[in-house]
Amino acid sequence: MKHKIVEVKNVLSCLELMENLQGRSSITPGIGLVHGPSGFGKTTTMCWLINQLGARNASYVRCYATDTPSSFIARIMEELGADMLYPLRKSVDFIVNRMNERQLPLFIDEADHIVGQSRIMETIRDLYDATELPVILVGMEEIARRISHRKQLFNRVSEWVEFQPADLEDVHEFASQLLDDRVQVAEDLLEHIRKRSGGEVRRILTALEKIERSALANDLDFVDLDAWGEQPLFLEFRR
Ligand SMILES: Nc1ncnc2c1ncn2[C@@H]1O[C@H](COP(=O)(O)OP(=O)(O)O)[C@@H](O)[C@H]1O
Ligand SMILES: [Mg+2]
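Residues numbered from 1 in each chain as written. Chains lettered and ligands numbered in written order. Predicted model: local features only at pLDDT ≥ 70, side-chain atom pairs only at ≥ 80, totals over all residues. Heavy atoms only, no water.

(A) Quick peek at the site of ligand 1. Around ligand 1 sit 16 residues in total, of which Val6, Gly39, Lys42, Thr43 and Thr44 are the nearest. Within the backbone of Gly41, a nitrogen or oxygen atom sits 3.0 Å from an oxygen atom of ligand 1. Separating an oxygen atom of ligand 1 from a side-chain N or O atom of Thr44 is a distance of 2.5 Å. Protein burial of ligand 1: of its 560 Å² of free accessible surface, 80% is covered by the chains. Only α2 (42-53) and α10 (201-217) provide two or more residues apiece to the shell around ligand 1. For the shell around ligand 1, the per-class residue count stands at eight nonpolar, five polar and three charged. (Near = heavy atom within 4 Å. Polar contact = N/O pair within 3.5 Å; in protein donor to acceptor, adjacent residues only side chain to side chain. Areas by Shrake-Rupley, 256 points an atom, 1.4 Å probe, with all protein chains shown as cover. Helix = DSSP H or I, 4+ residues; strand = E, 2+ residues; numbered from the N terminus. Nonpolar A, V, L, I, M, F, W, Y, C, P; charged D, E, K, R; others polar.)

Here you go:
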């Protein structure tokens, strides 16, 4: 399999989100929300977006279940290449100044872990209010619902993307851009992958890689549903 990011619909929707946040007028707030199930490609898409912006022109942090206001701020400081300043307020001021100086948008991945923590969420709002630079919160299904209870932050969300399951066209793109050039997968097998994967990118790529490996091992340049049969595509649990 080739290693590259395929510009499927969810990726392009996020590019549009970012362009809208950056090009917005001064009356439109600038918090973005990107959400969807695990394995759908959110983190990969954010990395791609940040590369588009130029890696030094954005900051990215991911959150952890154990995060506290202090560990969260420390991670942003580390991303900015700075040591912590105490009291915490000084670190927050430093981040605000740095974001303003360099016009850095802030990407916050795995935000589900912190959406229940008022002090962290208020800090994010402080960072946004003091810079008015785009802040993009990325998380799973729960985040959109839970953030709606935080009116202060919710009112500042002007752009959002809900990651959609890959459709057949997307699966087709993954296959044509990532498979070894010697291997071709038939439309009916791509549709089978789409259905079985529930449109989850991680599973789609696992399946394509399995088929590719098997085709190369058996010297096949074309695999269709009939040839693949009921062989597993990825680990599935029986309900
Ligand atoms: N557009 C894409 N092009 C290529 N690979 C992708 C793409 N989106 C996701 N992937 C792959 O799918 C897997 C899951 O993606 P990830 O970004 O971790 O999902 P999420 O953050 O939504 O849980 C990763 O291995 C990643 O490399
Ligand atoms: Mg992720």
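Further notes follow.
(B) Here's a closer look at the environment of Leu88. With respect to the helices, strands and loops of the structure, Leu88 is situated in helix α4 (residues 88-102). Sequence-wise, Leu88 and Ser70 are 18 residues apart; in three dimensions their C-alpha atoms are separated by 7.0 Å. Leaving out residues up to four positions away in the same chain, Leu88 has contacts with Pro69, Ser70, Ile73 and Arg119. (Contact = heavy atoms within 4.5 Å.)

(C) Inspection of the side chain of Ser91 at higher detail. With respect to the helices, strands and loops of the structure, Ser91 is situated in helix α4. By relative accessible area, Ser91 is classed as buried at 0%. Residue contacts for Ser91: discarding those within four places in its chain leaves Ile73, Met77, Met84 and Leu85. (Buried < 20%, exposed > 50% of the residue type's maximum accessible area, 1.4 Å probe, protein only.)

(D) Region of the structure containing the packing of helix α8 (residues 168-178) against helix α9 (residues 187-197). Where α8 contacts α9, the axes come no closer than 9 Å and their chain directions differ by 115°. Here α9 runs roughly perpendicular to α8, going by the angle between their axes. The element α8 and its partner α9 pack so that their crossing is right-handed. In this structure, α8 contributes Leu168, Val171, His172 and Ala175 to the contact, and α9 contributes Glu187, Leu190, Glu191 and Arg194. (Axes fitted to C-alpha atoms, helices over the stretch in contact; angles between N-to-C directions. Parallel < 35°, antiparallel > 145°, perpendicular 65-115°, else oblique. Left-handed = near helix turned anticlockwise from the far one by under 90°.)

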